[in-house]
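Notes for the structure review
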Amino acid sequence: MFIADTHSDTLHALGVEKKPLDSLMINPDKLRAGHVSMQTFALWTGSRGNRGDVDGIVRGELEARHFFTDAGIPQVDDPEDAPEDKCSFMLSVEGGEVFEKGIETVEYYRSLGVRMAALLWNNENSIGFPAKGGSKEGLTDYGVQVVREMQRVGMAVDTSHLNEQGFWDIFLKTNRVPLASHSCCSALCPHFRNLTDEQLRLLIREKGYVGINFYPYFLSKDGHATLETVAEHIDYVCQMGGEEIVGFGSDFDGIECAPEGLEGADKVPALMDALRRRGFPEKVLAGIAGENLRGYFRRMKQ
Ligand SMILES: [Zn+2]
């Protein structure tokens, strides 16, 4: 089965925070133990990127890829290029600060293999406004330009961390449906980082994608989460009609705690079992595990 995850901060933990590989939620051994076919690694520029050395941070993160390539886990450019029985990784960006120097930076990051980019992290930048803080402002003019350029070069627009008006603006002012790489359902846990039913309905109707985040505080109001809680969020999207657009967006190594039984990439099979116990047919399970993400990227090329 092709298993994919659309978000982790592992390269930041390794390349910038200099954490030891074996202390992480994701490392080569855990990816293999979890039968993960394609892990997405974010180049995270976050709040420090906004004020500081974006290029230096990204350099450290890119350099940290060697922990995986040396272990025989190669970088791929597209989910279609990742074989299901091996382990690969794909790059994303988290924080549009990397695009602030000029529109040509979008194509540059695409040339590095970046296939999706979250426009914002938790701070405002020259593209738009974060969900955090509740701003009602939409994307800036430059933000709209960046989104259109991303769509032109084949980079998926990631709305996780983006505020609602920015989310609507992508649908209103640009041509391609975005994804949300690591967000959960507001109806089950009303957190500003989660998607409202209205947002989910639009993603389902337009065939976008949502990777369900494993962070306990996005999954449950009291911050207590188990494998079942993650399965509930996935099930919720399915019940809305989204069984072809939902999957995993772990946020591993960007979160300080994890659901019981899902402490790292090696525990992904336990999550599959939890979904199986809910009675999902194998075809739907295969979609959730990774085929839905492949479908999203296939539609992007049309
Ligand atoms: Zn994030």
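The structure we're discussing is the one just above.
Structure report, in brief. Predicted, not measured: the structure shown is a model, and the values here were computed from it.

A few words on the overall build of the protein chain. When its secondary structure is counted, the protein chain shows 13 helices and eight strands. In terms of overall dimensions, the protein chain is globule-like: its C-alpha atoms have a radius of gyration of 17 Å, near the 19 Å expected for 302 residues. Summarising its shape, the C-alpha atoms of the protein chain cover approximately 45 × 45 × 40 Å along the three principal directions. When burial is assessed residue by residue, the protein chain has 52% of its 302 residues classed as buried. At a minimum sequence separation of 6, the contacts of the protein chain that also span at least 24 residues come to 74%.

Turning next to unusual backbone geometry. Despite not being glycine, K18 shows a phi value in the positive range, around 55 degrees. Since 9 C-beta atoms lie within 10 Å of it, K18 is described here as exposed. One non-glycine residue with positive phi stands out, namely H35, at about 55 degrees. The topology assignment puts H35 in the loop between α2 (28-33) and β2 (38-44).

Moving on: helix α4 (residues 54-63). Those residues of α4 lying buried are V54, I57, V58 and E61. One side of α4 carries all its buried residues, which in axial view fall inside an arc of 95 degrees. In α4, the exposed residues that point more than 90 degrees away from the buried face are D55 and G56.

This part takes up the nonpolar core. Most often, soluble globular proteins have nonpolar side chains that are buried together. Within the largest apolar cluster, 87 residues are counted, with the highest numbers of intra-cluster contacts made by V93, A117, V210, V230, I234, V246 and L271. In terms of residue count, helix α11 (residues 227-242) provides more of this core than any other element does, six residues in total. Setting aside anything within four residues of it in sequence, one finds V210 in contact with L179, A180, S183, L195, L203, V237, I245 and V246.

Below, the discussion takes up helix α12 (residues 268-277). The set of residues buried in α12 consists of V268, L271, M272, A274 and L275. All buried residues of α12 lie within an arc of 160 degrees about the axis, which places them on one face of the element. Exposed residues on α12 whose side chains face more than 90 degrees from its buried face are D273 and R277. Where the residues of α12 are buried, they touch α11 and α13 (282-300). G279, located one to two residues past α12, shows a positive phi value of around 90 degrees.

Cut-offs and rules
- Just so you know, the residues in each chain are numbered from 1, in the order the chain's sequence is written.
- Only residues with pLDDT of at least 70 get local features here, since the model is predicted, and only at 80 or more are side-chain atom pairs given and counted; chain-wide, interface and lining totals rely on the full set of residues.
- Helical segments are the DSSP runs of H or I of at least four residues, strand segments are the runs of E of at least two, and each set is numbered from the N terminus.
- Radius of gyration: C-alpha atoms only; globule rule: 2.2 Å multiplied by the number of residues to the exponent 0.38.
- Once C-beta atoms are placed from the backbone, each residue is buried if 20 or more other C-beta atoms lie within 10 Å of its own, exposed if 12 or fewer, and partly exposed for counts between those two.
- In this description, a residue-residue contact is defined by the distance between C-beta atoms placed from the backbone, which must lie within 7 Å.
- To be clear, the arc concerns the directions from the helix axis to the C-beta atoms.
- In this description, a nonpolar core means buried residues of the types Ala, Val, Leu, Ile, Met, Phe, Trp, Tyr and Cys, linked to one another by C-beta atoms lying within 7 Å.

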